[in-house]
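Now for the letters of each chain:
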Amino acid sequence: QKDLHYVPGHNGMVHLFEWKWGKIAEECENFLGPMGFGGVQVSPIQENVIVKNRPWWERYQPISYKWATRSGTAEEFKDMVRRCNNAGVRIYVDVVFNHMTGNHKNAKGTGGSTADTQNFNYPGVPYSGFDFHVSCPINNYQDAGNVRNCELSGLHDLDQSKEYVREKIVNFLNKIIDVGVAGYRVDAAKHMWPEDLKVIYSRVKNLNPEHNFPSGARPYVFQEVIDYGSEAISKYEYNSFGAVTEFRYGIELSNALNGKNQLKWFSNWGEAWGLLPSQDAVVFIDNHDTQRGHPEILTYKSSKKYKMAVAFMLAHPYGTARIMSSFAFDSFDANPPQDSIGNLISPTINSDKTCGNGWICEHRWRQVYNMVRFRIAANNTDVNNWWDNGQNQIAFSRGNAGFIAINGDGHDFKQHLYTSLQPGIYCDVISGNLENNVCTGKTVTVDQNGKAYIEILVNEEDGVLAIHRQVNN
Ligand code: QV4
């Protein structure tokens, strides 16, 4: 349950937050597949309650397990999964089964279901009061029972120890596996008992071999457990039976790039820092929650530092890397691009590959997608030849496949460094692209001894330089 089943030659997951199924299918075929991305985390698929003004977070309030959301219908979802698999890109669904909705008057869902939320009646499943924990608020993160048996933000809390509830959840998961999905993100996993989750996951089918998964392959499970080390519940309660989101990853890198730590310390980045074992960790700089209202976390809004953090993540072998792909927002509740009746408006694609219509599409930034190529080239190699200036200028290579340098200091980076790459002239994938055999950015000449002059000036657009051997595909 910790194998992503990426197609060989692919790497990196992108969260296409609030994208429509049809548009994701196109993105797999036109961009993600050709660029070598490994997979997509898609927004929740199950029917949700309609909230006034349609904030993004209504999708985290399920009203039934029907596949009907603003992202599209069941048919569109199936078609997307098939097309993405054919393009070599796997799909991972964000599944919400810790809870149903909060209280709403006349609750109506995106697929036409209704619910009497005050009385815990959800005929679309159906669930009734018997299937939920007795209502109480989560207000003490030092008490595991409170966190797991009470309501997160007033969201009615399902009791996963009940056989009936388990059966409904397993059926929901099995149906998404049937159509060719490779795995799922478990929303609010910390708010459920590990023993219950273990039972639920173990009952889910093997992956569907019709979509080029090996026979007997298990779904990839990654669980949202936020553990900064100060609460009753630990990430180590979950990682024996699935992967876990490693929230310390983004905060540590953000702190360093914001001057609250030094990059030189990242020479032993990984488990030595108290992070989960690499295989068990899903890593990211920001996610759809932390990019809102967590000013200490880097996001697209501080683009230079953000690109440095993402480049470090993609260059470094630790963890399963996930890239956030956002819509522009200026407040927590700001909704995704939508028309006057609440239909989502999809991104348009500009000639320089970036997005329009209010979408940021970080995954389409050259500095990001080119680092996905770097990660593919560096697959299965270690960090070698770590170099730092004792502060925030660092460099390392990945076997003899790639070399990266980062300038987090307020002065120019000018060094002759050992790259471990074959002699030759390389095109820096951060400042440009190799187009028709012409490098549109900086070039780096690696000499007979594997050394090269590396320069990153403080006034450059980006604080990173990265070169790698060609990817053969
Ligand atoms: C409000 C009050 C509550 C009150 C309730 C009464 O705040 O105190 O009890 O009314 O009805 C929305 C509103 C929230 C509202 C709630 C219920 O923002 O104000 O409660 O609905 O109507 C997302 C958003 C939430 C949103 C929720 C459901 O972030 O703001 O709540 O969707 O629509 C912890 C958890 C972690 C969680 C994280 C946000 O450990 O698991 O908080 N992260 C995941 C998702 C996240 C999602 C949920 C969990 C819930 O990543 O996006 O919350 O599914 O750290």
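These figures come from a predicted structure and were not determined experimentally. Here, residues in each chain are numbered from 1, in the same order as that chain's written sequence. Given that the model is predicted, a residue must reach a pLDDT of at least 70 before its local features are reported, and side-chain atom pairs must reach 80 or more before they are shown or counted; all residues, however, enter totals for whole chains, interfaces and linings. Based on all heavy atoms of the structure, the side-chain values leave hydrogens and waters out of the count.

Let's talk about the overall build of the chain
Applied cut-off: Under the DSSP-based scheme used, a helix requires at least four consecutive residues in state H or I and a strand at least two consecutive residues in state E, with every element numbered from the N terminus. It is over C-alpha atoms that the radius of gyration is taken, and the globule rule equals 2.2 Å times the number of residues to the power 0.38. Buried means the residue's accessible area, taken with a 1.4 Å probe over protein chains only, is under 20% of the maximum for its type, while exposed means over 50%, and partly exposed covers the values in between. The contact criterion used throughout is that any non-hydrogen atoms of two residues lie within 4.5 Å. For the purpose of counting charges, residues Lys and Arg are taken to be positive, whereas Asp and Glu are taken to be negative. His and the chain ends are not included. A charged residue contributes its charge at one atom only: NZ of Lys, CZ of Arg, CG of Asp or CD of Glu.
When you go through the chain residue by residue, the secondary structure sums to 8 helices and 22 strands. The C-alpha radius of gyration of the chain comes to 23 Å, within 12% of the 23 Å expected for a compact globule of 473 residues. Viewed in the frame of its principal axes, the chain has a C-alpha envelope of about 75 × 45 × 45 Å. Each of the 473 residues in the chain was classed as buried or not, and the buried ones make up 59%. Long-range contacts, defined here as pairs at least 24 residues apart, represent 69% of the contacts in the chain between residues at least 6 apart. The distance from the centre of the 45 positive side-chain charges to the centre of the 51 negative ones in the chain is 2 Å.

Considering the site of the ligand
Going by this rule: Near, as used in this document, describes a residue that has one of its heavy atoms within 4 Å of the molecule or strand being considered. For the purposes of these results, a polar contact is taken to be a pair of N or O atoms within 3.5 Å, where, inside protein, one atom must be able to donate a hydrogen and its partner to accept one; residues adjacent in sequence count only when each atom of the pair is a side-chain atom. For accessible areas, the Shrake-Rupley method is used with a probe of radius 1.4 Å. Any residue's cover is judged against the shown protein chains and nothing else.
Lining the immediate surroundings of the ligand are 19 residues, of which W57, D187, H191, E224 and D289 lie closest. The side chain of Q61 places a nitrogen or oxygen atom 2.9 Å from an oxygen atom of the ligand. Note that an oxygen atom of the ligand is positioned 3.3 Å from one of the backbone N or O atoms of S153. Protein chains shield 68% of the accessible area of the ligand, which is 940 Å² for the free molecule.

What about the pattern of salt bridges?
So the rule is basically this: For this analysis, a salt bridge means a side-chain nitrogen from Lys or Arg found within 4 Å of a carboxyl oxygen belonging to Asp or Glu.
What the rule picks out here adds up to 24 salt bridges. The partner of K2 in a salt bridge is D280, and the shortest N-O contact between them spans 3.0 Å. Separated by 278 residues along the polypeptide, K2 in the segment before β1 (11-16) and D280 in the loop between α6 (248-257) and β9 (281-283) bring together distant segments of the chain. Relative accessible area serves as the criterion here: at 7%, D280 is assigned to the buried category.

Observations concerning helix α2 (residues 74-86)
The condition is simple: An expected span of 1.5 Å times one less than the residue number is assigned to each helix. Comment: arc refers to directions from the helix axis out to C-beta atoms.
Along its 13 residues, α2 runs 18 Å from first to last C-alpha, staying within 8% of the 18 Å computed at 1.5 Å per residue. All of the buried residues in α2 are F77, M80, V81, C84 and N85. The buried residues of α2 all sit within an arc of 120° when viewed along its axis, so they share a single face. Of the exposed residues in α2, the ones pointing more than 90 degrees away from its buried face are E75 and N86. On the buried face of α2, the contacting elements are α1 (21-35), β2 (37-42) and β3 (90-95). Looking one or two places after α2, you find G88, whose phi comes out positive at around 85°.

Observations regarding the pairing of strand β15 (residues 402-407)
Rule in force here: We treat two strands as partners when DSSP finds at least two bridges between them.
Burial within β15 is extensive, with 6 of its 6 residues counted as buried. In β15, alternate side chains face the same way, and those of G402, I404 and I406 on one face and F403, A405 and N407 on the other are all buried. With 6 bridges connecting them, strand β14 (residues 393-398) and β15 associate as antiparallel partners. Across the sheet, residue I394 finds its bridge partner in β15, namely I406. What sits between the antiparallel neighbours β14 and β15 is a turn of 3 residues, in which G399 has the positive phi angle 50°.

Observations regarding the side chain of S254
As for its position among the elements, S254 is in helix α6. Relative accessible area serves as the criterion here: at 0%, S254 is assigned to the buried category. When neighbours within four sequence positions are excluded, S254 is seen to be in contact with I285, E296, I297 and L298.

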